[in-house]
Amino acid sequence: SPILLWFRRDLRLSDHPALDAACKSGRPVIPVFIRDDLVDGLGAAPKFRLGLGIEHFGGSLADKGSRLILRQGDALETLQELIAQTGAGAVYWTRAYDPDSTARDTRIKQALKDAEIDARSFGGHLMFEPWTVETKTGGFYKVYTPFWKAVKDRDVDAPLSAPGTIPAPDSWPDSDAIADWRMDAAMDRGAQIVRPFVQLGEGAAQSRLGAFLAHKVAEYDTTRDLPGVDGTSCLSENLALGEISPHQCWHAGMRALNEGKSGAETFLKELVWREFAYHLLHHTPRIATSNWREEWEAFPWNEDERLAEVKAWKQGRTGIPFVDAALREMYVTGRMHNRGRMIVASYLTKHLLCHWKIGMRWFEDCLIDWDPASNAMGWQWSAGSGPDATPYFRVFNPETQLDKFDKNRDYAGRWIAEGRANPHDDALAYFDAIPRQWGMSADDAYPDPIVKPGDGRKRALEAYENRNF
Ligand code: FAD
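Nothing here was measured: the structure is a model prediction, and the numbers come from that model.

Asks: In this structure, what is going on with the site of the ligand? I would like to understand it.
Replies: Neighbouring the ligand are 27 residues; T232, S233, S236, N375 and G378 lie closest to it. Counting residues per element, the ones that place at least two in the shell around the ligand are α11 (236-240), α13 (264-283), α16 (338-351) and α18 (372-383).

Asks: Help me understand the UniProt feature "binding site: FAD" (unreviewed entry) in the protein, please; the structure alone is not making it clear to me.
Replies: The UniProt record annotates "binding site: FAD" (unreviewed entry) at Y220, T232, S233, C234, L235, S236, F267, D369, W370 and D371. These residues run over 152 residues, and the two farthest C-alpha atoms among them are 22.6 Å apart, placing them at more than one spot. By the secondary structure assignment, C234 is in the loop between α10 (220-223) and α11. When neighbours within four sequence positions are excluded, C234 is seen to be in contact with Q199 and R208. Mapped onto the fold, L235 is located in the loop between α10 and α11. Judged by the 24 C-beta atoms lying within 10 Å of it, L235 is buried. With residues up to four places along the chain from it excluded, the contact list for L235 reads A205, R208, L209, I244 and C249.

Asks: In this structure, what is going on with the domain arrangement of the protein? I would like to understand it.
Replies: One frequent convention defines the size of an interface as the accessible area lost when the parts assemble. Each domain of the protein was delimited in the assignment, giving domain 1 (1-123), domain 2 (126-155 + 193-283) and domain 3 (294-465). One C-alpha centre belongs to domain 2, the other to domain 3; they are set 24 Å apart. With 19 residues of domain 2 in contact, the opposing surface of domain 3 contributes 26 residues. Secondary-structure elements contributing two or more residues to the side of domain 2 that touches domain 3 are α8 (191-194), α11 and α13. At five residues, α13 tops the list of elements feeding residues into the side of domain 2 that touches domain 3.

Asks: I would appreciate a short explanation of the environment of V310 in the present structure.
Replies: Of note, V310 is situated in helix α14 (residues 308-314). Sequence-wise, V310 and I358 are 48 residues apart; in three dimensions their C-alpha atoms are separated by 8.2 Å. When sequence neighbours within four positions are dropped, the list of residues in contact with V310 reads E305, C354 and I358.

Calculation criteria
- Residues numbered from 1 in each chain as written.
- Predicted model: local features only at pLDDT ≥ 70, side-chain atom pairs only at ≥ 80, totals over all residues.
- Near = placed C-beta within 6 Å.
- Helix = DSSP H or I, 4+ residues; strand = E, 2+ residues; numbered from the N terminus.
- UniProt positions renumbered as here; feature names shortened; annotations may be inferred.
- Contact = placed C-beta atoms within 7 Å.
- Buried ≥ 20, exposed ≤ 12 C-beta atoms within 10 Å, placed from the backbone.
- Domains from an automatic or database assignment.

Dropping the structure here:
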């Protein structure tokens with residue numbers, strides 16, 4: 001009987017343990033993607049990017065003589081329906097780690113097993129399953145460096161090749177058409193604007209990995225901090241949707257390390273930051289919903305999204321060039337440089353004293369590389385409420401940061417049009433992307449700071465001094 005291969009955030013053919021096992025069984029394989037309520041709950045940009053990923057992956061499967069069956073509805077009911085229609089005796093999938101997916105998958109596995117269906121979950125999204133990395137006392141890691149030391153010498157599974165062909169069933173069940181799903185419907189900022197920045201699919205991800213390791217990794221230790229330089233791998237959107245596996249990145253990074261390329265170890269360490277984020281999310285799911293350090297629940301964060309300062313922050317109109325450049329970059333490209341992420345998060349949670357959840361949600365709506373674990377960890381790291389976080393009293397000065405990391409204003413110049421005789425095309429694209437009701441024009445004067453760095457720093461430190469924990 002056929003095997004249903006339920007694809008989620010693992011849109012690749014190579015190094016896919018569930019697909020590999022299904023193909024090796026010799027049974028017909030029916031790949032399926034289900035648009036359930038978790039998919040519908042995604043933010044605008046991640047959902048748009050997922051739609052592109054699904055469409056592209058459908059093409060990759062077709063090249064192997066297979067298909068991606070698209071269905072909409074409750075995941076369990078949909079799988080049961082497909083089992084009834086196809087006579088499938090097994091359902092395989094790649095494990096997910098965020099609390100909502102885990103709850104859904106646990107429920108589904110049990111129900112399928114009760115119905116005597118062979119329901120199996122496989123690894124592939126992570127190199128180190130979160131429960132396999134333990135401290136000496138049997139607990140989980142709360143600090144990155146010891147986590148890194150615990151995993152860095154482990155054997156990482158060698159990547160599996162893509163199957164030569166995928167055994168097809170005698171007849172295919174019905175499928176929705178991806179165009180009818182309108183995964184771009186919430187992209188009122190103009191999907192057309194983000195699209196050119198997308199690096200779509202497994203082939204593109206592999207090429208980018210190769211090019212990064214051949215030409216960029218040697219300089220990565222310095223260029224990774226410079227938002228005006230294209231010096232990082234840009235693989236986060238592919239890792240987020242499983243268009244490349246961390247194992248593939250790790251082994252390629254190891255080869256570069258063995259060839260003596262400086263920067264390769266830092267790249268491996270970054271991959272392990274992603275693993276660490278999942279480790280934390282698995283062991284403390286509340287990292288995505290509430291202050292990881294519980295005492296921070298008493299901190300006087302502003303939680304009102306309607307505040308003018310929050311609006312200005314989201315719109316990239318704070319009057320602080322580094323902050324505005326980064327937020328505009330995200331709006332136009334669906335990405336933001338890591339240094340930008342740290343600066344905008346610090347400005348929101350410290351200078352503006354706003355809750356990190358406001359920023360986390362905005363990122364969740366705007367990032368094509370949105371990742372439940374890295375986003376939550378990144379925000380709590382920046383806000384000072386998380387594990388191994390930067391202390392709250394360490395307030396980034398966005399002006400000196402700009403002088404240090406964007407000395408020639410390549411980044412600020414790329415994203416800020418106001419007051420410039422010849423604005424960069426990308427800076428102008430921002431004004432094409434934003435909703436009219438934001439009432440901004442490239443001809444406006446650049447705004448004065450809504451909160452000056454010195455004033456904001458003082459206010460943040462006072463709030464911190466006066467906290468009652
Ligand atoms: P590279 O520098 O090439 O690094 C290689 C890979 O390592 C990345 O693709 C990513 O998978 C991983 N990585 C690198 N830095 C980190 C990090 N700090 N934490 C976890 N993994 C990391 N990353 C996301 O993928 N999705 C998010 O939603 C996300 N939200 C963030 C929010 C905040 C407030 C902060 C401070 C960071 C966030 N990050 C997030 C982490 C980081 O900014 C991005 O992973 C990185 O900028 C992606 O660019 P790259 O692929 O070129 O990274």
